[in-house]
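Coordinate analysis (summary)
Listed below, chain by chain, are the residues.
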Amino acid sequence: MRVVIVGGTSGIGLGTAARLAAGGAEVFVTGRSEERLEAALKQLGDQASGEVIDARDSGAMKALFERLGTVDHVIITVTGRGGAGPLSSLTGDAITGAVQNKLVPHLLTAQAALAALSPGGSITFVTAASAGAALAGVSVLAAVNGAIEAAVPGLAVELAPIRVNAVSPGVIDTDWWSGLGDEARAAFLAGTAASLPVGRVGTPEDVAVTIEYVVRNSFVTGTVLTVDGGGRLKA
């Protein structure tokens, strides 16, 4: 099994790469940082290779898949930090940046991968549970992630027999939260953990288990699976 993980050099992407490689998959990871790529490949070992690439560059993504040849599965974990905050205070650049840094690269990557995917292969988007949340300050993030999730059923029909799914994580302890600063991040994660039915926030491995499920199960397509520790159950 040959798997490409776009955004696979850190966080959820790296956790997924490690899990799939441990299960015998040949894994190819991409990221925008040479330093992170080197660290990821060192961690992943002989089952993995990779390349520095910006998923927002459609030409570069098409060229990558032409070089790679046939692949079985593509997992897209690309994200961005922009777009959080009250709508009244967000700039136009922040709003368009949220779209350009997640929605656009997810769809461009899926498009670029089509010629390389084997029949019966799959595309898995990693969105976020904000897509279904009613929380102040995350409306733009919800719009971006919701747009990706809305595309899943249609793409599953359009691209069949290639399978298309999304995994929608809740609060996961990754570097995505580093912009808060150490103290604020620790307080936020602790408060979130206390509020969740499972009593903790998620780990990249929690999400990787679900991604592996949709990748390996050939009878799953057109689905969005939420991995949020029960966050959606809160009033």
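Read on for a plain summary of the structure. (Residues numbered from 1 in each chain as written. Predicted model: local features only at pLDDT ≥ 70, side-chain atom pairs only at ≥ 80, totals over all residues. Heavy atoms only, no water.)

**Let's talk about the environment of leucine 68**
Mapping leucine 68 onto the fold places it in helix H3 (residues 58-68). Along the backbone, leucine 68 and valine 4 are 64 residues apart, and their C-alpha atoms lie at a distance of 9.3 Å. Among residues more than four places away in sequence, those in contact with leucine 68 are Arg2, Val4 and Phe28. (Helix = DSSP H or I, 4+ residues; strand = E, 2+ residues; numbered from the N terminus. Contact = heavy atoms within 4.5 Å.)

**Overview of the side chain of threonine 174**
With respect to the element layout, threonine 174 can be found in the loop between strand S6 (163-169) and helix H6 (182-195). Residue classification places threonine 174 among the buried positions, given a relative accessible area of 14%. (Buried < 20%, exposed > 50% of the residue type's maximum accessible area, 1.4 Å probe, protein only.)

**What about the pattern of salt bridges?**
The tally for this structure, following the rule as stated, stands at eight salt bridges. Across the pair glutamate 26 and arginine 2 runs a salt bridge, and its minimum N-O distance is 3.3 Å. Taken together, the residues span a long stretch of sequence, with glutamate 26 in strand S2 (residues 26-31) and arginine 2 in strand S1 (residues 2-6) at a distance of 24 residues. Judged by relative accessible area, which is 23%, arginine 2 ranks as partly exposed. (Salt bridge = Lys/Arg side-chain N within 4 Å of Asp/Glu carboxyl O.)

**A closer look at helix H7 (residues 204-216)**
Between its first and last C-alpha, H7 extends 18 Å over 13 residues, near the 18 Å set by a 1.5 Å rise per residue. Restricting attention to buried positions, one finds in H7 the residues Pro204, Val207, Ala208, Thr210, Ile211, Glu212, Val214 and Val215. Here the buried face of H7 lies against helix H1 (11-22), strand S4 (71-76), strand S5 (117-126), S6 and strand S7 (224-227). (Expected span 1.5 Å × (residues − 1).)

Everything listed here is a matter of coordinates, which is why it stays silent on function.
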